[in-house]
Amino acid sequence: CGDDTPPTAIKETRRLMEQLKADVMIGPLSGDEAVVVANYAKSHPTKTFIIGTAGSQDPTLQIAPKNVFRYHGDGAQWNAGLGEIVYKKLGWRKAAIIMDDYSFGWTSGAGIIADFCAIGGQITKRVFPPLNTTDYASYVRQLPAPGSVDGYFWVVGGTGTGASLTAFEQAYGKLDPKQHAGNLFFAFLGADKVVAPKVVGAYVGGFGTAPGLQTKQAKAYEAVLKKSYPDLPAPDGFVYNYYNAAWGFVRGLGAAGGDLSKLQASMPKTSKSGYEVSDGGLVKLDGNRQAIQDQYPLQLVKNADGSIGTTVVGYVPNVDQAFGGLFKRTSPAPGRTQPACLKKGLPWQGKIQEVKNGVIQKSLVK
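Residues numbered from 1 in each chain as written. Predicted model: local features only at pLDDT ≥ 70, side-chain atom pairs only at ≥ 80, totals over all residues. Heavy atoms only, no water.

Colleague: So what about the layout of surface pockets? Which residues, and what values?
Modeller: In this structure, the largest pocket spans a volume of roughly 480 Å³. For the lining of the largest pocket, the class distribution of residues is 13 nonpolar, 11 polar and 3 charged. (1 Å grid on protein atoms, 1.4 Å probe; cavity = no way out; pocket = protein on both sides within 12 Å on 5 of 7 lines; lining within 4 Å. Points joined across faces, edges and corners; volume = space filled by probe spheres on them. Nonpolar A, V, L, I, M, F, W, Y, C, P; charged D, E, K, R; others polar.)

Colleague: So what's going on with the pattern of salt bridges? Residues and values would help.
Modeller: Under the definition given, this model contains 6 salt bridges. Between glutamate 354 and lysine 89 there is a salt bridge; the shortest N-O distance is 3.8 Å. Separated by 265 residues along the polypeptide, glutamate 354 in strand β15 (residues 353–356) and lysine 89 in helix α4 (residues 82–89) bring together distant segments of the chain. Among the ionic pairs, lysine 198 bridges to glutamate 169, the shortest N-O distance being 3.1 Å. (Salt bridge = Lys/Arg side-chain N within 4 Å of Asp/Glu carboxyl O. Helix = DSSP H or I, 4+ residues; strand = E, 2+ residues; numbered from the N terminus.)

Colleague: Go over helix α7 (residues 160–172) with me, naming the residues and quoting the values.
Modeller: Helix length check: α7 (13 residues) gives 18 Å between terminal C-alpha atoms against 18 Å at 1.5 Å per residue, within 8%. All buried positions along α7 are accounted for by Gly160, Thr161, Gly162, Ser164, Leu165, Ala167 and Phe168. On its buried side, α7 packs onto α6 (137–140), β6 (151–155) and β7 (180–182). Just downstream of α7, glycine 173 is the residue with a positive phi angle, here 95°. (Expected span 1.5 Å × (residues − 1). Buried < 20%, exposed > 50% of the residue type's maximum accessible area, 1.4 Å probe, protein only. Contact = heavy atoms within 4.5 Å.)

Colleague: Tell me about the pairing of strand β16 (residues 359–364), and please be specific about residues and values.
Modeller: One ladder, built from 3 bridges, connects β15 with β16; its direction is antiparallel. For valine 355, the partnering residue across the bridge sits in β16 and is isoleucine 360. The turn linking β15 back onto β16 is made up of 2 residues, and asparagine 357 within it adopts a positive phi angle of 55°. (Pairing = 2+ DSSP bridges.)

Colleague: Which residues make up the sheet that holds strand β14 (residues 314–319), and what values go with them?
Modeller: One open sheet accounts for 6 strands, arranged β9-β10-β11-β14-β15-β16; its pairing is antiparallel. Every other strand in the sheet has two partners, leaving β9 (270–272) and β16 as the edge strands with one partner each. Averaged over all neighbouring strand pairs, the angle between strand axes comes to 30°, with direction disregarded. Here 2 bridges tie strand β10 (residues 282–285) to strand β11 (residues 291–295), and the two strands are oriented antiparallel to one another. Bridge pairing in β11 places leucine 285 opposite alanine 291. (Axes fitted to C-alpha atoms, helices over the stretch in contact; angles between N-to-C directions.)

Right, here's the structure in full:
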């Protein structure tokens, strides 16, 4: 068991791999956990590690040991397209960002910053509350007041999402959904019941999944999950990413004929995943064994029954970890100042296709 912290992650990894003699680990869940596990993997090359759903960039770019595999995007990849959408749809030109002060918050924020700045936006302020903050008042006060920026990007997870927005309301009044956008924590992990009702209409970064996508492949994946785990939300990225990690392991083990000494060489370089559309529905791993993955920006909407949900608004194919060349193995890992705000052409810039009622359109986001 983990608690999202590096000390527990490394303690449990050593217990599993050294004391219990495990050969393969599927996990971990959190960004900082994955950083220490990837560093552990470097010194244990005969062990195989398949990241569960952790989204920090470092494990498969700056660290990138040959025995670590990831069949989903990192936090930056998941936010591809979000910055361009708010730039075009809402007219944002200047924005502030508040993000959890650890590796996943930095990576998730990096994708938003890179995408928004690439199209011509400016990030005027970056604020970093520590993990497990309960009182966000002082951090919200570091943000520029409404009227001095066009909007705010929120990259605050867990219970902090609701608490930070509440602090903003207490400081500046009722939330205007057109002035707020968030990463996956606006829409997943129960946020649909806690956070989303306050910001119906706001745009949200993706999670590598496409809730409501009307493709045969998406429906087939969701049917498998519903049959085996009827209470799990199949489009939730936490479910989807561990599913893809386990499926990659099963296929690799089969290809190795059950010989663990051949497992790493036998791990699949492609995976037919539920929400992939490009490349015949295949996720491809790059040279660092990291997924190149289709992404789907979302919008929070009110459903017919009054509940709050998400609808897919864009399709961004084949987002790579390098983010169109912005991130390199020699680059610093995402942090408080990385990446810089740079105007740059991205492979998907001006090419994001609209999605309506779960169907990808030929029309582009304008």
